[in-house]
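Residue-level listing of the chains:
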Amino acid sequence: MPILPVEAYTSQEWFDKEQEIIFGNSWQYAGLMEDIQDPGDYITVQCGHQNIVIVKGRDQKLRAFHNLCRHRGTQLLRAVGKKQKALTCPYHDWTYNLSGELISVPEKEKEFPDLELDKICLHKASVDIWRGMLWVHPKPNAEPITEWFKGCREQMGPHDPTRLIEYPDSSYEKVINANWKIVAENFMDVYHLAHLHSNTLQMYDHANAKFGFIGDHYMFWEPHVPKYKDNLDQLMPFKRIKEMTDEYLGAFVPWLFPNFGLSETESSWSTFHAIPLGPDKTKVVVRTKLEPMTNWEYQKQSMKSYNSWHGIMGSDTKYGNQDPDDPMATGDFMAEDVYACEQQQKSLKNPLFNVTMTAKYGESTIRTFQGIIKKWMEQ
Amino acid sequence: MFHKLKISNLRQPIADATTVTFDVPNRLYDAFNYYPGQHLIIKFQVNGKEARRSYSLNSSPFRDEPLEITVKKVKGGLVSNYVNGQLKIGDELEVMVPQGRFYADIKKEEYKTYYLFAAGSGITPILSILKSVLYEAVESRIHLLYGNTHQDSIIFKEELDALEQAFPNRLQVVHTLSNPKVWSTWEQWKGRKGRIDEAAVEWFINQHPPIAQTTSYFICGPGAMNTGIRKALMGLDVPRELIHIEQFGGTKADDNHTIDSVDNASLEVHINGQTHSLKIPKGKTILQVMKDANTQAPYSCESGVCGTCACTLVSGTVEMKSNMALEDKDLKKGLILSCQSLATSESIVIRF
């Protein structure tokens, strides 16, 4: 039986409560460390109900603040910025330094004679860098990020993302009409891999996948099928990642609580950020990094992979001969997942909706995940 | 209180310095536990005279290693020349338990970036902090900027090289030489040149942005360098409370600074409910005058380090030869170290 009620996936009330309890109290992915390069650069990120700005100081340190002016609570900064000397609210030009301290207020003598500037600071949040990624926590004194992910590093890919290069145009953004937990559950559903993706992820030996939870985080690894492994140099789409030596071969696909997945393979490293927008809306942002290589190397390897694939793996898409606009015919496992998630969400409103049973092994992960959500919501 | 400790080993990390290893008996193990960065106050008997000095421990309390200090030879230095030449393995020295407010409170589970700055023998407490972080706080990282005169004056060069190799992702050391020798080594010095001044600090921070975003800054060197580094860091918006400073080579006398003290100033001491009226001959410290007069003055290290002899200056002015115990906020409250204070006004009133 499902652990969470249907409302957990459909009601605004549940959604708001989750935003407050889970997203207001956990470390969340905010981007890649190279997104903020120089002092004065900033990005903004949504953590539940709270928008947070991360800015690099002149001491090269990142600082995170809640993105609202202390004057009347207006959102202080928009999206991203470069090389700011200070942070100025567009409404009345109240200005803060890069440490979040209020440094100037227009017409102060006349309008705010009693205001002591040095007593006012933007509300602080926490920020850190872990495995080359930016992480934020809405609370100022969050536990160390290394404690939050304690025990996870060893179960994840050996990749050093700081060394890898984000390939131009590799990023993917899509709003999925499904609750963020449906997206997460799909990511963790081991049972579906051999079925929904029978012709897209067939290079993996799903039967020999190893998975489980460390704290609230889901860890997953599966080996290649022999056919793929034996022809790896021919088939892998990009240059082999240096750290992915033979002992690691396969794919590491963890889900870091609450809303972030990774796909770490022999030749690519991708982030999968599921941003809840509403009870039935989730934005997914995927970014991919590769081993540094020249354009020529890139083209050579992808050609080789493309040309060898059919001969060795012998695949067609699942519903190959149908409409080319059918997501199930694209040959793209992401499109297959999006399709499944949206169909799942739609059915939740059907009065006949019911879960008969969930798989003993392959869907145990979904039960565990729901249990974790329940634990958070009830605490 | 001083404890007699036997010297179990002496070695020379460079020609002009000696590392002294102490044998701490089991019964004193707990008492001699310490935080990385702290120092020992040691009583020496040199040519029949007693001299007290404080030396930072370069050993790490998180390693299974004995207590060690390192003393660099100073031209004309009484104790430093004694240690570098006369001291022998098996000798006993009187040593006070480790103390000092300059230390790193390292937690196993922390995720921090340490910026360390050292010049010359200022490396000793810095090395202790560095090793402790590497071995205890396994997620934390370190950037060290280490200044010396030339290639042959870099204390612990080999040890730092080895640590850098053993922890390539967690330790980065940058050496800078103010006056590199051209002929001293096979290869010409290709590293950074110059002193650790404000420009060097800014360059160093910009070259080494932190991964772990909780940061600490530890500085140990001569006074002018320390203030310069602090100024540079604060200029980059580093909060003052994250900057920890230890001055070595202590006394201003070493910097050829002489204090123009008043002769025969009057001293009024309020202590233990009693009042004493004394005179301070030129060049004598307040503590010396009180000891000569048998007033029960509290004191311990007599080198401006421990703070035991601190008192409040009620009126008059003094100048301290050295001060490693009192911080700015203490000074603002009017605290002085009686063991270091020379009178610079005709009339002085103090209260313990």
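What you are looking at is a predicted structure, and each value in this text was computed from that prediction instead of being measured. (Residues numbered from 1 in each chain as written. Chains lettered and ligands numbered in written order. Predicted model: local features only at pLDDT ≥ 70, side-chain atom pairs only at ≥ 80, totals over all residues. Heavy atoms only, no water.)

To continue, consider the overall build of chain A. The secondary structure content of chain A amounts to 10 helices and 19 strands. Over its C-alpha atoms chain A spans a radius of gyration of 23 Å, differing by no more than 12% from the 21 Å that the globule rule assigns to 379 residues. Along the three orthogonal principal directions, the C-alpha set of chain A runs to about 80 × 55 × 40 Å. Out of the 379 residues in chain A, the part that is buried amounts to 53%. Taking all contacts inside chain A whose residues are at least 6 apart in sequence as the whole, residues at least 24 apart take part in 63%. Summing over all exposed atoms, chain A offers an accessible surface of approximately 18100 Å²; the carbon and sulfur share of this is 51%. Averaged over its 41 positive side-chain charges, chain A has a centre that lies 3 Å from the centre of its 51 negative ones. (Helix = DSSP H or I, 4+ residues; strand = E, 2+ residues; numbered from the N terminus. Rg over C-alpha atoms; globule rule 2.2 N^0.38 Å. Buried < 20%, exposed > 50% of the residue type's maximum accessible area, 1.4 Å probe, protein only. Contact = heavy atoms within 4.5 Å. Areas by Shrake-Rupley, 256 points an atom, 1.4 Å probe, with all protein chains shown as cover. Lys, Arg positive; Asp, Glu negative; His and termini not counted. Charge placed at Lys NZ, Arg CZ, Asp CG, Glu CD.)

Take A:K242: it is sitting in the loop between α7 (232-235) and β15 (251-252). Between the C-alpha atoms of A:K242 and A:S263, which are 21 residues apart in sequence, the distance is 16 Å.

Right, let's get into the domain arrangement of chain B. In terms of domains, chain B is made up of domain 1 (2-96), domain 2 (112-252) and domain 3 (265-351). Here domain 2 of chain B and domain 3 of chain B have C-alpha centroids that lie 35 Å from each other. (Domains from an automatic or database assignment.)

On to the nonpolar core, then. Ranked by internal contacts, the top residues of the largest apolar core, which has 72 residues, are A:W135, A:Y228, A:W255 and A:I373. Tallying contributions element by element places helix α5 (residues 180-188) of chain A first for this core, with 6 residues. Two domains share this core, each providing at least three of its residues, namely domain 1 (28-146) and domain 2 (151-378) of chain A. Membership of the second largest hydrophobic core comes to 31 residues, among which are B:I14, B:F102, B:V133 and B:V173. (Core = buried A, V, L, I, M, F, W, Y, C linked by side-chain atoms within 4.5 Å.)

Below, the discussion takes up helix α4 (residues 198-207) of chain B. Residues and elements named next belong to chain B. By the burial criterion, the buried members of α4 are A200, V201, F204 and I205. Buried residues in α4, looked at end-on, bunch into an arc of 130 degrees, giving them a common side. Contacts made by the buried residues of α4 are with β7 (112-119), β8 (141-148), β9 (171-177), β10 (192-193), β11 (214-221) and α5 (223-235). (Arc of directions from axis to C-beta.)

We now examine the packing of helix α2 (residues 123-136) of chain B against helix α3 (residues 157-166) of chain B. All names here are of chain B. Their axes nearest at 12 Å, the elements α2 and α3 cross at an angle of 20 degrees. Regarding the angle of α2 to α3, the classification is roughly parallel. You can see that α2 and α3 cross each other, and the crossing is left-handed. Here I123, L127, L130, K131, L134 and Y135 of α2 come into contact with α3, specifically with E159, L160 and L163. (Axes fitted to C-alpha atoms, helices over the stretch in contact; angles between N-to-C directions. Parallel < 35°, antiparallel > 145°, perpendicular 65-115°, else oblique. Left-handed = near helix turned anticlockwise from the far one by under 90°.)

Attention now goes to the sheet that holds strand β15 (residues 310-315) of chain B. Residues and elements named next belong to chain B. With respect to topology, 5 strands assemble into an open sheet ordered β14-β13-β19-β15-β17, the strand pairing being mixed. Taken across any chain shown, the strands that pair with only one partner, and hence form the sheet edges, are β14 (274-280) and β17 (335-337). Taking each pair of neighbouring strands and ignoring which way they run, the sheet shows an average axis angle of 35 degrees. Bridge count for β15 against strand β19 (residues 347-351) is 3 bridges, and the pairing is antiparallel. Of the residues in β19, the one forming a bridge with S315 is V349. (Pairing = 2+ DSSP bridges.)

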